[in-house]
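# Structural overview
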Amino acid sequence: MIYKLEELLISVAASLLNTPNIQHVAVGAASPIPGAAALLAQKLGAGKLDVTIIHGSANNAFSDGGRELFDCAGQGRVHAFFLGGVQIDGQANINLVGTGNYPDLERRFPGSFGSAYMYFTVPNVILFRPEHSRRVFVEKVDFISAPGVSDPGIQRNGGPKALITELCLMSFNTEKAQFKLESVHPGHSVEEVLDNTGFDIDIPKNVPTTAAPSDEHLKLLRAQIAPEIAKTYPGFAANVFNIKSAA
Amino acid sequence: MTTFLDVSELADLIPNGAHIAIPPEYSFVPMELVRGLIRRYTKNLSVLCVPIGGMAVDLLIGAGCVKQIEAAAVSLGENGLAPRFTDAVVSKKIKMKDSTCPAIHTALQASEKGVPFMPLGGIIGSDIQAHRDDWRVVDDPLGNGNGPILLLPAIQPDFTIFHSPLADRAGNVWVGRRRELLTMAHAAKQTLVTVERITDGNLLANEQTAAGTMPALYINAIAEAEGGAKPLGLTDCYERDGDAIRYYAAQAKTDSGFDDYLAQHIYTNTQQAAQ
């Protein structure tokens, strides 16, 4: 079946969530693709995966206010979470605040959200940033919303495990503080990844092609996940899945 | 003792320079009260977004009501950047105190408990922390070898404001599971609420409604404002008006577009004539 880039990215993210050590994935602000991936992984895992989409009431069982996500993560009850970045560097530092010499910014973005905490408390943070370019993947971020690695003396149970872009999937090695190329999406090449990345990546000899979403997964996604994610992200669901919604 | 007023009287209670706490975009945002603050040309507000700001905050900034924002982020969600916010921060028309979601919740919890500060894990090594000279990193003060930890000073807003579906005549207000509103009201010096409607029953008389009710004890004044969260949504009452929000997001991209929006949607006929 023909698929859209968004559907490939949802499929890649869902595959990272289907592992026994992830029983609860939470999805934060402005994250329609991660949200759809979490719901798809839940379906594929026969409902064994708990999914919390924190914005709004749909797919959100939290009942103790805005702090509950962070209290839950602080106790180790959130096993996976997604973070993005205006800039991401080779040590997996992420910048969600802006470009320029803070506070003298050239461009301002929304802000750090809960990243500075979730990065320390959630063991499987998946970095998600579709735009794969040298303006995003920089040698050093202009502002560290959340650091990729910490000194040994700092209490830290969480951190980055993977990075998904429009070109590839990478893993992150915390000890080496370095990304490793895991697979390149269909139609793209290792050279293209290197040309568009501003930091050093560990490139293995053989880099496989990312698995395309199966017909079965695409059908599930379009028929069952799309109307669910529309409850939180009506604009995204309209654009990608042609789902009409009141909002 | 809760008093019952109209929305413009409620807005009059918030003086220039007040420190106000506003809930996040997805529900219970007091849009009509925000429009009331803009109509009375309120100035120099310090706004605490709990923990993320949206259209309400962008409007207040664009209308010149704001001196300072403290937030984990300000955005229009699916409709992109909050244009008045990003413009005002880059051009330094407002001061931005960058924070992170749990830091705002925790600092309000400190006020809720009446203690001067609270510790919070994580965050150390972030440039958020590096730029906050009111925050402190200390070594585990109990000497149990847990390493450095961040201390956050309590935040006590002058006012918490929100819009709820329902109040009763005793001044109790329904909040359902939006329990950050309780933390915000417990922490603030005063809480002002607009509601869709006022019921003759007592929300505390029944355990099912009592569990989702903020008692009048914390609420200083209530105003009835049907549709008071529009064009944003209100849980179980109405969906957000996507077209209206997209229209705002487009208008707010330019100074003149934003001014047109204020003239069309916020200022009264008299105010438009005066401009």
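### Overview of the overall build of chain A
In terms of helices and strands, chain A carries seven helices and twelve strands. Whereas a compact globule of 247 residues would reach a radius of gyration of roughly 18 Å, chain A reaches 17 Å, a difference of no more than 12%. Seen through its principal axes, chain A has C-alpha atoms that stretch 45 × 40 × 35 Å. Relative to its full complement of 247 residues, chain A shows a buried share of 53%. For chain A, the proportion of contacts with a sequence separation of at least 24, taken over those separated by at least 6, is 65%.

### Here we look at the domain arrangement of chain B
Per the domain assignment, the segments of chain B are domain 1 (3-101 + 155-274) and domain 2 (117-153). Look at where the C-alpha atoms of domain 1 of chain B and domain 2 of chain B centre, and you get two points 31 Å apart.

### Observations regarding unusual backbone geometry
That bond from Val 50 of chain B to Pro 51 of chain B is cis: its omega, -10°, falls within 30 degrees of zero. Note on placement: Pro 51 of chain B falls in the loop between strand S3 (45-49) and strand S4 (52-53). Phi at Ala 30 of chain A is positive, roughly 50°, even though this residue is not glycine. Looking at the secondary structure, you find Ala 30 of chain A in the loop between strand S1 (24-27) and helix H2 (32-44). Its identity is not glycine, yet Tyr 41 of chain B carries a phi of approximately 55°, on the positive side. Mapped onto the elements of the fold, Tyr 41 of chain B is located in the loop between helix H2 (31-39) and S3. For Tyr 41 of chain B, a count of 11 C-beta atoms within 10 Å corresponds to the exposed category.

### Re the sheet that holds strand S2 (residues 50-53) of chain A
Through backbone hydrogen bonds, the strands of a sheet pair up, either in parallel or in antiparallel fashion. All names here are of chain A. Read from one edge to the other, the open sheet built from seven strands follows the order S2-S1-S3-S8-S10-S11-S12, with strand pairing classed as mixed. The open sheet terminates on both sides in strands that have one partner only, identified here as S2 and strand S12 (178-184). Direction aside, neighbouring strands of the sheet carry axes that sit 20° apart on average. Of the strands in this sheet, S1, strand S3 (80-83), strand S8 (124-128), strand S10 (160-164) and strand S11 (168-173) touch helix H1 (residues 5-17), which is tilted by about 160° from S10.

### Some words on the nonpolar core
Membership of the largest hydrophobic core comes to 170 residues, with the highest contact counts inside it found for Ala 13 and Leu 17 of chain A together with Val 57 and Leu 60 of chain B. With eight residues, the single largest contributor to this core is H1 of chain A. Not counting the four nearest positions on each side in its chain, Ala 13 of chain A is found in contact with Ile 33, Pro 34, Ala 37, Ile 126, Phe 128 and Ile 164 of chain A.

### Quick word on the pairing of strand S7 (residues 104-108) of chain A
Relative to S7 of chain A, strand S6 (residues 98-101) of chain A runs antiparallel, the two being bridged by four bridges. By the bridge assignment, Gly 98 of chain A is partnered in S7 of chain A with Arg 108 of chain A.

### Here's the deal with the sheet that holds strand S5 (residues 94-95) of chain A
Residue and element names in this part refer to chain A. The sheet built from three strands is open, its strands ordered S5-S4-S9 with mixed pairing. The open sheet has two free edges, formed respectively by S5 and strand S9 (137-138), since each of these has just one partner strand. Sheet topology places strand S4 (residues 87-89) next to S9; two bridges connect them, and they run parallel. Residue pairing across strands places Ile 88 opposite Phe 137, the latter belonging to S9.

### Let's talk about the interface of chain B and chain A
With 42 residues of chain B at the interface, the matching set in chain A holds 42 residues. Split by residue class, the side of chain B that touches chain A holds 18 nonpolar, 15 polar and nine charged.

### A word on H2 of chain A
Residues and elements named next belong to chain A. Compared with an ideal rise of 1.5 Å per residue, which puts 13 residues at 18 Å, H2 spans 18 Å between its outermost C-alpha atoms and is within 8% of the ideal. Along H2, eleven of the 13 residues are buried, which leaves the element largely enclosed by surrounding structure. Those residues of H2 that sit buried are Pro 32, Ile 33, Pro 34, Gly 35, Ala 36, Ala 37, Ala 38, Leu 39, Leu 40, Ala 41 and Gln 42. Taken from the residues just after H2, Ala 46 is the one with a positive phi, measuring 55°.

### Focus: the environment of Val 122 of chain A
All names here are of chain A. Within the secondary structure, Val 122 sits in the loop between helix H4 (115-121) and S8. In sequence terms Val 122 and Leu 39 are 83 residues apart; their C-alpha atoms lie 19 Å from each other. Dropping the residues within four chain positions of it, Val 122 is found in contact with Ala 73, Val 78, His 79, Ala 80, Phe 81 and Gly 158.

### A word on the packing of H2 of chain A against helix H6 (residues 215-230) of chain A
Residue and element names in this part refer to chain A. The N-to-C vectors of H2 and H6 enclose an angle of 120°; their axes lie 10 Å apart at closest approach. In terms of orientation, H2 and H6 fall into the oblique class. Classified by chirality, the crossing of H6 by H2 is right-handed. When H2 is examined against H6, the residues Pro 32, Gly 35, Ala 36, Leu 39, Leu 40 and Lys 43 are found in contact with a partner set consisting of His 217, Leu 220, Leu 221, Gln 224, Ile 225, Glu 228 and Ile 229. In terms of residue class, the contact of H2 with H6 is made up of eight nonpolar, three polar and two charged.

### Regarding the environment of Pro 147 of chain A
Counting through the fold element by element, Pro 147 of chain A comes out in the loop between S9 and S10. Residues Pro 147 of chain A and Tyr 117 of chain A, 30 residues apart in the sequence, show an inter-C-alpha distance of 10 Å.

### Here's the deal with the packing of H6 of chain A against helix H7 (residues 234-241) of chain A
All names here are of chain A. Two numbers describe how H6 lies on H7: the axes approach to 7 Å, and their chain directions differ by 150°. Here H6 lies roughly antiparallel to H7, going by the angle between them. Judged by residue contacts, Arg 222, Ala 226, Ile 229 and Ala 230 of H6 engage Pro 234, Phe 236, Ala 237 and Phe 241 from H7. When grouped by side-chain class, the residues that make up the contact of H6 with H7 number seven nonpolar, no polar and one charged.

Calculation criteria
Residues numbered from 1 in each chain as written. Chains lettered and ligands numbered in written order. Predicted model: local features only at pLDDT ≥ 70, side-chain atom pairs only at ≥ 80, totals over all residues. Helix = DSSP H or I, 4+ residues; strand = E, 2+ residues; numbered from the N terminus. Rg over C-alpha atoms; globule rule 2.2 N^0.38 Å. Buried ≥ 20, exposed ≤ 12 C-beta atoms within 10 Å, placed from the backbone. Contact = placed C-beta atoms within 7 Å. Domains from an automatic or database assignment. Pairing = 2+ DSSP bridges. Axes fitted to C-alpha atoms, helices over the stretch in contact; angles between N-to-C directions. Core = buried A, V, L, I, M, F, W, Y, C linked by C-beta atoms within 7 Å. Nonpolar A, V, L, I, M, F, W, Y, C, P; charged D, E, K, R; others polar. Expected span 1.5 Å × (residues − 1). Parallel < 35°, antiparallel > 145°, perpendicular 65-115°, else oblique. Left-handed = near helix turned anticlockwise from the far one by under 90°.

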